[in-house]
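# Fold and contact review
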Amino acid sequence: MNLPADKFKGKFQKTIYLTCNSFSVQGIGAIIVIVAVSTAALLAGLITVHPSNLPSGAPFTPPCVEHFLGTDDLGIDIWSQIVYGGRTSIYVGIGTALLAGVAGALAGIAAGYFGGHTERLIMRLTDIMIILPDLPLLILVGAFFGPGINNIILVLALFSWTHPARIVRSKVISIKEENYIKAAVSFGAGFRHILLRHFLPGVMPLLSVSVIRLTGRAIVAEAGLAFLGLGDPLSKSWGLILNHAINFRGIYFTPFWKWWLMTPLIAITLLVFAIALVARDLEKKINTKGVIS
Amino acid sequence: MKPAGYLITLSVVLILNFFIPRLMPGDPFTFLSSDPDGVTIVYTPEQIEKFKGYYGMDKPLTEQFISYFSNLVSGDIGYSIYYNDDVIDVIASRALWTISLIIISLSLAGIAGIITGAISAWFRDHLIDRLLYSFMILFSEIPAFITAIILLFAGGAWLGWFPLSGGATPFRGYTSGWDKISDIAMHAVLPVTALVFARLGEFYLLARSSMITVLSKDYIRTAKGKGLLKRRIIFIHALKNAAPPVVTRIFISLGTVFGGAILVENVFRYPGAGFLLREAVLVRDYPLIQGLFLFVAVSVLIMNFTADMLYGKFDPRVRVS
């Protein structure tokens with residue numbers, strides 16, 4: 001099918017058409033998963049009956065009509081925990097990725113455009129950040145500064161900006177050599193003009209894929225930290241549910257793990273898979289066409 | 001990176017390690033444990049004074065830094081409050097577990113990645129390549145500690161093939177050296193598998209793509225023209241040139257693997273540095289946390305540096321540039 005997109009009446013239909021055309025079957029499935037998880041997290045209050053932090057039934061209730069994912073050792077509804085936990089995970093993921101994306105783009109543009117000492121300094125910094133082990137430093141900061149969710153985002157972003165920065169830098173270097181940039185400069189275009197009109201649109205496709213990937217990585221990193229007991233205790237995330245479940249004595253010898261441990265495990269895996277699939281599809285599209293249409 | 005780069009990185013590590021406890025908001029010693037399973041510790045005023053004296057916080061910052069640095073040079077990285085022992089000794093008693101876990105799983109993942117990558121490249125676009133490719137892509141996205149939990153429940157609890165936790169059976173009198181080795185090996189199977197799975201996809205993808213590039217080169221066509229066996233072409237001619245990128249990646253990923261090992265050790269309660277780190281966090285043993293951070297960062301730096309030095313010997317192309 002190669003219908004021109006403007007044959008469609010509504011903007012919505014056009015978007016749907018373009019999406020279906022740009023992504024593989026798995027990619028579309030992945031988008032549905034991401035949209036579903038985000039909606040569930042956004043509308044958490046509407047789709048849960050029980051509170052996510054107070055007991056609402058007998059401990060260790062297996063999945064039933066009242067608690068359709070069961071309850072944990074304190075009788076807290078697991079479905080509510082998963083939905084509200086999704087909020088934390090997505091907030092950390094998107095927060096980190098956007099912060100790192102903006103910082104990385106700025107650093108990359110500065111390195112690529114100005115060159116010289118600026119470039120050397122920024123590239124040296126990315127070298128250092130790549131070698132430094134991120135989890136131990138995260139733990140160090142978490143242990144000393146307290147496991148606040150914003151601290152976690154900040155430190156994760158501190159470790160994540162290098163990837164977008166490197167991509168943006170090499171793209172900017174290649175754009176800089178194009179004749180239209182030289183023409184624009186000879187017509188008196190300033191840095192601001194070139195940045196907004198040429199660099200940003202040029203790096204946007206690659207940058208967005210990098211940001212999507214970082215979202216997935218940040219969600220995993222937060223889950224890992226929370227699993228170690230360094231998550232924000234006030235905003236229960238999927239990793240923290242895992243932490244509680246696996247530290248429950250004798251969980252292996254009881255049937256509780258089937259609903260208590262498996263649900264956060266499946267939730268993390270599903271979301272991370274979905275994000276990776278979307279990033280991969282977009283990457284393929286950029287590699288074949290050069291732009292996202 | 002040049003040696004100077006490593007020196008700069010090392011200084012960054014040391015400076016971070018010095019400043020993080022001192023930049024901490026509020027009072028470090030009244031910070032309560034936030035972990036629900038943790039031991040809540042409230043220090044008495046005398047203890048707080050003692051710790052402040054320990055950190056030398058009553059002296060000016062420059063003086064603190066000088067004494068911190070001179071202590072480091074003499075090998076004194078602090079005194080563990082909880083274990084009542086020098087931090088360096090506490091870490092040394094656990095380090096071997098973690099380091100062997102990492103070395104074994106990285107080598108296995110590297111070898112498996114290169115072999116599967118070579119198979120995939122040779123059968124490019126056949127069914128076997130497609131199956132391997134989609135399987136690996138999926139697997140490369142699952143973080144090590146999730147795989148570890150799944151393995152723990154499948155291999156340890158459900159099938160009962162492997163021990164659930166620990167690095168060796170406690171209080172077991174070994175009848176022979178072999179008995180001891182096999183006991184330790186059985187405990188290591190699941191953690192190693194989890195770490196291998198976490199890295200395998202990445203190495204496979206890299207090996208596959210570099211193999212595909214190499215296989216299109218003229219000397220491979222010559223080898224085919226000479227009528228050499230497929231096996232020989234892949235494993236003798238192509239592999240030699242396709243392996244270096246994977247080896248480099250193995251060393252670059254050391255920092256990440258250390259992170260993965262910390263989490264995996266905690267899933268299996270494996271008695272390495274990662275499990276120690278969590279214990280230290282639970283009891284808020286700050287000198288120990290700092291010492292462990294220093295240990296991991298310096299080990300990663302040393303291993304990367306060694307790799308950089310060795311790499312020039314293996315690949316003459318690097319030496320020239």
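Residues numbered from 1 in each chain as written. Chains lettered and ligands numbered in written order. Predicted model: local features only at pLDDT ≥ 70, side-chain atom pairs only at ≥ 80, totals over all residues.

### Digging into the nonpolar core
In this structure, Ala148(B), Leu195(B), Val264(B), Ile289(B) and Leu292(B) are the most contacted members of the largest nonpolar core, which totals 152 residues. Those residues in contact with Ile289(B) that sit more than four places away from it in its chain are Leu140(A), Ala143(A), Leu277(B), Ala280(B) and Val281(B). (Core = buried A, V, L, I, M, F, W, Y, C linked by C-beta atoms within 7 Å. Buried ≥ 20, exposed ≤ 12 C-beta atoms within 10 Å, placed from the backbone. Contact = placed C-beta atoms within 7 Å.)

### Structural notes on the packing of helix α4 (residues 87-122) of chain B against helix α11 (residues 273-282) of chain B
Residues and elements named next belong to chain B. Put simply, α4 and α11 touch, their axes get as near as 7 Å, and they point 135 degrees apart. On the basis of the axis angle, α4 is oblique to α11. Packed against α4, whose contacting residues are Ile91, Arg94, Ala95 and Thr98, the element α11 presents Ala273, Gly274 and Leu276 at the interface. In terms of residue class, the contact of α4 with α11 is made up of four nonpolar, two polar and one charged. (Axes fitted to C-alpha atoms, helices over the stretch in contact; angles between N-to-C directions. Helix = DSSP H or I, 4+ residues; strand = E, 2+ residues; numbered from the N terminus. Parallel < 35°, antiparallel > 145°, perpendicular 65-115°, else oblique. Nonpolar A, V, L, I, M, F, W, Y, C, P; charged D, E, K, R; others polar.)

### Observations concerning the interface of chain A and chain B
Taken together, the contacts link 35 residues of chain A with 45 residues of chain B. Of all the secondary-structure elements, those providing two or more residues to the side of chain A that touches chain B are α5 (116-131), α6 (134-145), α10 (191-227) and α13 (262-289) of chain A. Among the elements that take part in the side of chain A that touches chain B, α6(A) stands out by supplying 10 residues, more than any other.

### Quick word on the confidence of the model for chain B
Residue and element names in this part refer to chain B. Counting all residues, the mean pLDDT for chain B is 79, and 86% of those residues have values of 70 or more. Per-element averaging of pLDDT across chain B places helix α13 (residues 316-320) at the bottom with 56 and α4 at the top with 89. When the criterion is pLDDT under 50, residues 31-36 qualifies, and its contacts beyond four places in sequence or with other chains add up to 14 contacts. Taken over the whole predicted complex, pTM reads 0.82, whereas the ipTM for its chain interfaces reads 0.78. (pLDDT = per-residue confidence, 0-100.)

### Focus on the environment of Leu152(B)
Residue and element names in this part refer to chain B. Relative to the helices and strands, Leu152 resides in helix α6 (residues 144-158). A tally of 24 C-beta atoms within 10 Å means that Leu152 is categorised as buried. Along the backbone, Leu152 and Leu108 are 44 residues apart, and their C-alpha atoms lie at a distance of 20 Å.

### Describing the packing of α5(A) against helix α8 (residues 162-176) of chain A
Residues and elements named next belong to chain A. Running from N to C, α5 and α8 point in directions that differ by 140 degrees, and their axes come no closer than 10 Å. α8 is crossed by α5, and the crossing has left-handed handedness. Two secondary-structure elements touch here, α5 through Ile122, Thr126, Met129 and Ile130 and α8 through Thr162, Ala165 and Arg166. In terms of residue class, the contact of α5 with α8 is built from four nonpolar, two polar and one charged. (Left-handed = near helix turned anticlockwise from the far one by under 90°.)

### Considerations on helix α9 (residues 230-252) of chain B
All names here are of chain B. In this model α9 runs 31 Å from its N-terminal to its C-terminal C-alpha over 23 residues, within 8% of the 33 Å that 1.5 Å per residue would give. Of all the bends in α9, the greatest measures close to 65 degrees and is centred on Leu239. Within α9 the residues assigned to the buried category are Ile233, Ile234, Ala238, Ala242, Ala243, Val246 and Ile250. Against the buried residues of α9 lie α4, α7 (177-215) and α8 (218-225). (Expected span 1.5 Å × (residues − 1). Bend = angle between axes of the 7 residues up to and from the residue.)

### Considerations on unusual backbone geometry
Residues and elements named next belong to chain B. Phi is positive for Asp125, which is not a glycine, with a value near 70 degrees. Here Asp125 is to be found in the loop between α4 and α5 (127-140). Here the phi dihedral of Arg269 falls at roughly 50 degrees; this positive angle occurs in a residue that is not glycine. Mapped onto the fold, Arg269 is located in the loop between α10 (254-268) and α11. By the C-beta count within 10 Å, which is 14 here, Arg269 ends up partly exposed.

### Quick word on helix α2 (residues 25-42) of chain A
Residues and elements named next belong to chain A. Relative to the 26 Å expected for 18 residues at 1.5 Å per residue, α2 spans 26 Å between its end C-alpha atoms, a close match to the ideal helical length. Within the sequence span of α2, burial applies to Gly27, Ala30, Val37 and Ala40. The buried residues of α2 occupy an angular sector of 155 degrees when projected down its axis, which confines them to one face. Exposed side of α2, more than 90 degrees from the buried face: Val25, Ile32 and Val35 are the residues found there. (Arc of directions from axis to C-beta.)

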